[in-house]
Structure formats: C-alpha cells, structure tokens
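Chain and residue survey
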Amino acid sequence: MARAGLTTERVVGAAADLADSVGFDKVTISALARGFGVKDASLYSHVRNLQDLRTRVALLAAGEFIDRIGVAVAGRAGKEALVAFADAYRAFALERPGRYEATQMRVDPEIVARSPAYHRTIETTGAMLRAYGLAEPDLTDAVRLLRSTFHGYCALEASGGFGAPRDVQTSWERSVEALHFLLEHWPSARGEEERAVADRTVPERT
C-alpha cells in the first residue's frame, strides 16, 4: 500500500475526478483500482465499501460546492447575493457534473449532522435569503423553490434539453430575476393560515 502511495484523501479525490469524467453512478471500486494500477483489495484499507466511497465523495463535493458559493456571495446582499449564489451553483453543476451529482445523493442523516459542509450550506443559504425577511415555514418553502429551480435548469442544460433558439444564458438571468421578484413578494404562509382560521370562525348566515 505504501508503494502505491494511497491515502483515503487521495482515493476519494480520485473517485470525485472519475465521477466528473464518467458520471457518479459509474464510479466503482474496480474502476478506481484500475486507475491506480492496483487490485480492488488495496482500496479497502481506505474505504469500507462502495457506499462508503460514494458517501465520502458526496461530502467532499458538498464542501467544494458550498466553498465556491460562499466565496461568490461574500459581502453581497439581496438581489446581488441571489445572483452570485445562483451563478456559482450553475457553474459548479456544469463544470463538475460528477461532483454535483454526488451532492444530490441522500446521505445518512447522522453523517449529515456531523458534516461541516452541510452546516455551512444551511448557514450560507440562510444568510443569502436574510435580506428577504422570510421566516419559517416560508424560509423552507423558498429554499426548496430555489433548489428545485436551479437543479432543474442545470440538469436540462447539461443534457441539452433546451432546444429553442432563445439564448440559454439570457433565460437563466431572467429566471433568477423572476426568483428575486418572487422572494420580495413572497405570500406569507402564516397569513394564509390566519385567514383560513378566520374563515372557519365566521358564523354561518341564517
């Protein structure tokens, strides 16, 4: 093992690079071992199994992902922060497709709870949205909308799913502009609940 110069960090980094080249779902212990010129068994000193390897790649990718976003949004607020966040998200998804795919993997909640990268993701996303003054449950709804929009757009763009002649970059910018408008005019879930309660308490007409 010393001859091969393998470490857990090197193995996971190579797996992430392989994911970017061939797809996260095609990363296997055998494919990784071939890249190092060693037998499969040599890698089991560094990762327990394929699931462990993929989880480690997901954590690595999550850290790199939020680091890029964090740098982009630093010192920005409101629309400027949203645009920076969105652009960094899209750039990572398109430039690092295997790593990005890994960030979408469902990871054991206990592992997530111990991961600094996931905590930074929550903190950075919350800070970016702070200027819009959203409170729960609206904040969670807004985060889900942003994630769905960004992920869907990037997935379609990466697969060549946009066939219309309209410039993809222009559509992206307009989409982010629309999200900013929506966030500024977010319909309050609390307000809707209060109205619903009021409606239920109005006496029936006789």
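For clarity, every value in this text was computed on a predicted model and none was experimentally measured.

What follows deals with helix H4 (residues 50–73). For H4, with 24 residues, the first-to-last C-alpha span of 34 Å sits near the 34 Å given by 1.5 Å per residue. Those residues of H4 not exposed but buried are Asp52, Leu53, Thr55, Val57, Ala58, Ala61, Ala62, Gly63, Phe65, Ile66, Ile69 and Val73. Looking at where H4 begins, the residue whose side-chain oxygen comes 3.2 Å from the main-chain nitrogen of glutamine 51 is asparagine 49. Looking one or two residues past H4, glycine 75 carries a phi angle of roughly 80°, positive in sign.

With that out of the way, let us pick up the packing of aromatic side chains. Inspection of every chain in the model, using the stated rule, returns 9 aromatic pairs. Measuring from ring centre to ring centre gives 4.6 Å for phenylalanine 65 and phenylalanine 92, while their planes differ by 25°; the resulting arrangement is stacked. One end of the pair, phenylalanine 65, is in helix H4; the other, phenylalanine 92, is in helix H5 (residues 78–95), and 27 residues separate them in sequence. Summarising the burial analysis for this pair, phenylalanine 65 and phenylalanine 92 share the class buried. Every member of this aromatic cluster is reached through a ring pair, and the members are Phe65, Phe85, Tyr89, Phe92, Tyr100, Phe150, Tyr153, Phe162 and Trp172. Taking NZ or CZ as reference, arginine 54 lies 5.9 Å from the ring centre of phenylalanine 24, over its face.

Quick look at the layout of surface pockets now. Estimated volume of the largest pocket: approximately 990 Å³. Around the largest pocket, the lining comprises 26 residues; the ones closest to its centre are Tyr118, Thr121, Ile122, Val143 and Arg147. Take the lining of the largest pocket: its biggest share by element is 7 residues, from helix H9 (residues 138–158). Tallied by class, residues from the lining of the largest pocket come to 16 nonpolar, 6 polar and 4 charged. Reported here for the second largest pocket is a volume of approximately 160 Å³. Arg48, Asn49, Gln51, Asp52, Thr55, Arg56, Leu59, Met105, Arg106, Val107, Asp108 and Ile111 are the residues that line the second largest pocket. Ranked by residues supplied to the lining of the second largest pocket, first place goes to H4 with 5 residues.

What follows covers the nonpolar core. Grouped together as the largest cluster of nonpolar side chains are 28 residues, with contacts concentrated most on Ile69, Leu82, Tyr89, Leu146, Phe150 and Leu183. The dominant element in this core, judged by the number of residues it contributes, is H5, at 9 residues. Each residue touching phenylalanine 150, except ones within four places of it in the same chain, is listed here: Leu82, Phe85, Ala86, Tyr89, Trp172 and Leu179. Counting 25 residues, the second largest nonpolar core, distinct from the first, contains Leu6, Ile29, Leu43 and Ala58.

Next up on the list: the packing of H5 against H9. Two elements in contact, H5 and H9, have axes whose closest approach is 10 Å; the angle formed by their N-to-C orientations is 40°. As the angle between them shows, H5 and H9 are arranged oblique. Relative to H9, the crossing made by H5 is right-handed. In this structure, H5 contributes Leu82, Phe85, Ala86, Tyr89, Arg90, Ala93 and Leu94 to the contact, and H9 contributes Leu146, Arg147, Phe150, His151, Tyr153, Cys154, Glu157 and Ala158.

On to the packing of helix H1 (residues 8–22) against helix H2 (residues 29–36). Across the interface, H1 lies against H2 with an axial gap of 10 Å and an inter-helix angle of 105°. The orientation of H1 with respect to H2, classified from their angle, is roughly perpendicular. On H2, the residues that touch Arg10, Val11, Ala14, Ala15 and Leu18 of H1 are Ala31, Leu32 and Phe36. Of the residues contributing to the contact of H1 with H2, the split by class is 7 nonpolar, no polar and 1 charged.

Mapped onto the secondary structure, histidine 180 falls in helix H10 (residues 168–184). Side-chain polar atoms of histidine 180 contact the side chain of tyrosine 132, separated by 2.7 Å.

For tyrosine 100, the location among the structural elements is in helix H6 (residues 97–103). Sequence-wise, tyrosine 100 and alanine 61 are 39 residues apart; in three dimensions their C-alpha atoms are separated by 6.8 Å. The contacts of tyrosine 100, once residues within four sequence positions are left out, are Phe65, Tyr89, Phe92, Ala93 and His151. Looking at tyrosine 100, its side chain comes within polar contact range of the side chain of tyrosine 89, at 2.6 Å.

Procedures and definitions
Residues numbered from 1 in each chain as written. Predicted model: local features only at pLDDT ≥ 70, side-chain atom pairs only at ≥ 80, totals over all residues. Heavy atoms only, no water. Helix = DSSP H or I, 4+ residues; strand = E, 2+ residues; numbered from the N terminus. Expected span 1.5 Å × (residues − 1). Buried < 20%, exposed > 50% of the residue type's maximum accessible area, 1.4 Å probe, protein only. Polar contact = N/O pair within 3.5 Å; in protein donor to acceptor, adjacent residues only side chain to side chain. Phe/Tyr/Trp six-rings, centres within 6.5 Å; stacked < 30°, edge-to-face > 60°. Lys NZ or Arg CZ within 6 Å of the ring centre and 35° of its normal. 1 Å grid on protein atoms, 1.4 Å probe; cavity = no way out; pocket = protein on both sides within 12 Å on 5 of 7 lines; lining within 4 Å. Points joined across faces, edges and corners; volume = space filled by probe spheres on them. Nonpolar A, V, L, I, M, F, W, Y, C, P; charged D, E, K, R; others polar. Core = buried A, V, L, I, M, F, W, Y, C linked by side-chain atoms within 4.5 Å. Contact = heavy atoms within 4.5 Å. Axes fitted to C-alpha atoms, helices over the stretch in contact; angles between N-to-C directions. Parallel < 35°, antiparallel > 145°, perpendicular 65-115°, else oblique. Left-handed = near helix turned anticlockwise from the far one by under 90°.

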